[in-house]
Number of protein chains: 2
Amino acid sequence: MSRISETVAAIRPLDATAMQSARERQNVLTKPQGSLGRLEEISIQVAGIQGRPRPDVSSKAVFVMAGDHGCVAEGVSAYPQEVTPQMVANFARGGAAINVLARHVGVRVVVVDMGVAGECSDSQVITRKIGRGTRNFAVGPAMSVEEARRCVDTGIELFEAELARGLDLVGTGDMGIGNTTPSAAIIAAFTGRSPAEVTGRGTGIDDKRLATKVSVIERALATNKPDPSDALDVLAKIGGFEIGGLAGVIIAAAAHRVPVVIDGVISSAAALIATGLAPRSRDYLIAGHKSVEPGHGAALDHMRLAPVLDLGLRLGEGTGGVLAMSLVEAAVKTLNEMATFSDAGVSEALEG
Amino acid sequence: MSRISETVAAIRPLDATAMQSARERQNVLTKPQGSLGRLEEISIQVAGIQGRPRPDVSSKAVFVMAGDHGCVAEGVSAYPQEVTPQMVANFARGGAAINVLARHVGVRVVVVDMGVAGECSDSQVITRKIGRGTRNFAVGPAMSVEEARRCVDTGIELFEAELARGLDLVGTGDMGIGNTTPSAAIIAAFTGRSPAEVTGRGTGIDDKRLATKVSVIERALATNKPDPSDALDVLAKIGGFEIGGLAGVIIAAAAHRVPVVIDGVISSAAALIATGLAPRSRDYLIAGHKSVEPGHGAALDHMRLAPVLDLGLRLGEGTGGVLAMSLVEAAVKTLNEMATFSDAGVSEALEG
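Here the structure is a predicted model, which means the values were calculated and not measured.

A.B. asks: I'd love a proper account of the sheet that holds strand β2 (residues 108-115) of chain B, names of residues and values included.
C.D. replies: Residues and elements named next belong to chain B. If you walk across this open sheet you meet the six strands as β3-β2-β1-β4-β5-β6, and the pairing is parallel. In this open sheet, the two strands that pair with only one neighbour each are β3 (125-127) and β6 (285-287). For this sheet, the mean inter-axis angle between neighbouring strands, taken without regard to orientation, is 30°. Relative to strand β4 (residues 169-175), strand β1 (residues 60-67) runs parallel, the two being bridged by seven bridges. Bridging from a neighbouring strand, Ala66 pairs with Met175 of β4.

Okay, structure coming up:
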């Protein structure tokens, strides 16, 4: 059995008993029932994921996986490809938005070079290059099926290494010039929506580049004919190394009962690959935020996930995800730390 | 000159130079311009409020003001009035949702008895009773104009005392059985919407009590005829002691260039009083979240404020506000701590 199929087979349904116990506790905490809204739902989901009525999310990390994309040769991005390793170096030195936000909310940042075209030489970067950028998917598959499998295996391996250091809640993030293009292609392949519907401006491209980007995705789908019933086929034909790595992180987290907060459109494309490989992994996901990329909403709808935040973000890196991780922790703390009506000697409602 | 008019007169427009400087810095930080969405806007607003291009929000407090309401005699709430002092005691002992969430995000909680009917004897509670609950506004004014003035004066005084301890960002919160009723009345008075449009289920009342609540608000407006061009008149006739106290906190914060994160429907009613007294105070407000109470959206629209969070909360206490305070801090930290393109040696976009 391969590492992927072992991991998929290890994913269990959520623990209904722990969820019921968490729900009953939320109902006797000193507040009107249901008045903490989404926070109550999240606390109950996390109880079900971790399999304990009083969950704990004190140890937190975000995986920021980087890769390059052959399709940038088609002119789909406003930034040159050299920005990918430059930003990886920025992550390693702590100067990027993800570093600032992760420090703010107490999340460690794990930076992985899954397949950057240039060199990432900082010692804080984990190097697992599957290749030096994918091939141009407008003219053929982005990678081989064997490379796709190695991406996912690598994500599983790195998640398990991080789990050994203590990990109760994980986030996903990305870096890769051009990577909203394969993400939109993956979203089109799984949701059946047209490339024009799910393709956005990424880092901020103009109308002309947007038209090019849509046409590149149309060609990628027509040339490669990805099969949405086979997630590895989709990843190989129209994916990216960092997207495959994040899919591996997600299924490994689900197998180890760790909740996963996904970030924006690239993380959601990775989640589509993950839920394609392992439909049960969907229940372990929390959608951190709603990006302004149009494909993001389509991907979340397809997975029946509702975003926690809506702040008009379109940066990636895991930025929206880590902000939501703090809200997940807030939700868990209300469940664990609030007084009950009887603890606090507070009268309950006159009616139900 | 009264304390209120002195405070109102001290409120200056936001500092356009500091805002421009913050905006220019956001545009050279290592991310596509505008990609941090609402966080960028908030950081620029806070720069303008504090009058410095690199603002600081490290010292944070939320005022949780409590009061009782004569209109509970009409049967507008599902909870008995004794819950107000019981919850104040819960705040003092750290067991309520606001305590848990404020600890999570590093905000101190200042609990004030502005006019609870019963006793609040915990030493951590600041006692400033304007009365023992307001009078029933269905049959006459909730309080005298002199009492309304004392509420606002007290909010100013308490804000200034807290400012002396160090305060860069303030939140508003409330406790008071029945207090969504005066809040909806205030919102109807200022926005011109009908009581039926702006009245919600508060702690979770049934259809019968909701109909009663709407009719009580209709009677309150018909009996008292509050004048929306005179905010103290509105506060006196259909307000509450905690609502007036929070209005004082808001105008004092604006006068001292401290950003204010408002919570749900009660805080928004207080903000309507504050912006009625001092229209310029509106620019110092950040709407923490969108409550499920229908009047809340109407109040925010009236003040042209967009909520930061939308988590289905309907608890009050400042809970949604303190969660948003952490996002305000995150926004300020991105402005202050991120590397610029030139710091990090990252290439800029190929096009504008």
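On we go from here.
A.B. asks: So, the pairing of strand β2 (residues 108-115) of chain A: which residues are in play, and what are the values?
C.D. replies: Residues and elements named next belong to chain A. Within β2, six of the eight residues are buried, which leaves it mostly tucked inside the rest of the structure. Here three bridges tie β2 to strand β3 (residues 125-127), and the two strands are oriented parallel to one another. Looking at the pairing, Asp113 lines up with Thr127 of β3.

A.B. asks: Please give an account of helix α12 (residues 265-277) of chain A that cites residues and values.
C.D. replies: Residue and element names in this part refer to chain A. An ideal rise of 1.5 Å per residue puts 18 Å on 13 residues; α12 measures up with 18 Å between its terminal C-alpha atoms. Counted residue by residue, α12 has 12 buried out of 13 residues, so it is predominantly covered. All of the buried residues along α12 are Val265, Ile266, Ser267, Ser268, Ala269, Ala270, Ala271, Leu272, Ile273, Ala274, Thr275 and Leu277.

A.B. asks: An account of the interface of chain A and chain B is requested, with residue identities and associated values reported.
C.D. replies: Contact with chain A, which involves 60 residues of that partner, is made by 60 residues of chain B. Where chain A abuts chain B, roughly 4800 Å² becomes buried across the two surfaces, and 60% of that area is made up of carbon and sulfur atoms. The interface formed by chain A and chain B contains two salt bridges. Between Arg103 of chain A and Glu337 of chain B there is a salt bridge, with the nearest N and O atoms lying 3.2 Å from each other. Remark: the boundary between chain A and chain B carries 22 residue pairs in polar contact (both at pLDDT 80 or more). Every element with two or more residues in the side of chain A that touches chain B is listed here: α3 (37-50), α4 (83-93), α5 (97-105), α14 (319-337) and α15 (341-344) of chain A. Element by element, the count of residues in the side of chain A that touches chain B is highest for α14 of chain A, at eight residues. Among the residues making up the side of chain A that touches chain B, the classes are represented as 28 nonpolar, 17 polar and 15 charged.

A.B. asks: Mind laying out the pairing of β4 of chain B, listing which residues take part and the relevant values?
C.D. replies: Residue and element names in this part refer to chain B. Burial analysis of β4 places seven of its seven residues in the buried class, the great majority of the element. Both faces of β4 are covered, namely the face carrying Leu169, Gly171, Gly173 and Met175 and the face carrying Val170, Thr172 and Asp174. Judged from the two bridges that link them, β4 and strand β5 (residues 260-262) form a sheet pairing that is parallel. Across the sheet, residue Val170 finds its bridge partner in β5, namely Val260.

A.B. asks: Run through the packing of helix α6 (residues 145-164) of chain A against helix α11 (residues 241-255) of chain A, naming residues and quoting values.
C.D. replies: All names here are of chain A. Across the interface, α6 lies against α11 with an axial gap of 6 Å and an inter-helix angle of 50°. Overall, the two elements α6 and α11 adopt an arrangement that is oblique. Where α6 crosses over α11, the two elements pack in a sense that is right-handed. In this structure, α6 contributes Cys151, Val152, Gly155, Ile156 and Phe159 to the contact, and α11 contributes Phe241, Gly244, Gly245, Gly248, Val249, Ile251, Ala252 and Ala253. Here the contact of α6 with α11 is built from residues that sort into nine nonpolar, four polar and no charged.

A.B. asks: Any details on the packing of α12 of chain A against helix α13 (residues 294-303) of chain A? Residues and values, ideally.
C.D. replies: All names here are of chain A. Across the interface, α12 lies against α13 with an axial gap of 9 Å and an inter-helix angle of 30°. Between α12 and α13, the angle falls in the class roughly parallel. As α12 packs across α13, the resulting crossing turns out to be left-handed. Residue-level contacts link Val265, Ser268, Ala271, Leu272 and Thr275 of α12 to Gly295, His296, Ala299, Leu300, His302 and Met303 of α13.

A.B. asks: How would you summarise helix α2 (residues 16-26) of chain B if you had to cite specific residues and measurements?
C.D. replies: Residues and elements named next belong to chain B. Residues of α2 that are buried: Ala18, Met19, Ala22, Arg25 and Gln26. Each buried residue of α2 sits inside an arc of 125° when the element is viewed along its axis, so together they form one side. Among the exposed residues of α2, those pointing more than 90 degrees away from its buried face are Ala16 and Thr17. Residues of α2 that are buried sit in contact with α3 (37-50) and α14 (319-337). Capping the start of α2, Asp15 holds a side-chain oxygen 3.0 Å from the backbone nitrogen of Thr17, two or three residues further along.

Cut-offs used in this document
Residues numbered from 1 in each chain as written. Chains lettered and ligands numbered in written order. Predicted model: local features only at pLDDT ≥ 70, side-chain atom pairs only at ≥ 80, totals over all residues. Heavy atoms only, no water. Pairing = 2+ DSSP bridges. Helix = DSSP H or I, 4+ residues; strand = E, 2+ residues; numbered from the N terminus. Axes fitted to C-alpha atoms, helices over the stretch in contact; angles between N-to-C directions. Buried < 20%, exposed > 50% of the residue type's maximum accessible area, 1.4 Å probe, protein only. Expected span 1.5 Å × (residues − 1). Contact = heavy atoms within 4.5 Å. Buried area = accessible area lost by both parts, 1.4 Å probe. Salt bridge = Lys/Arg side-chain N within 4 Å of Asp/Glu carboxyl O. Polar contact = N/O pair within 3.5 Å; in protein donor to acceptor, adjacent residues only side chain to side chain. Nonpolar A, V, L, I, M, F, W, Y, C, P; charged D, E, K, R; others polar. Parallel < 35°, antiparallel > 145°, perpendicular 65-115°, else oblique. Left-handed = near helix turned anticlockwise from the far one by under 90°. Arc of directions from axis to C-beta.

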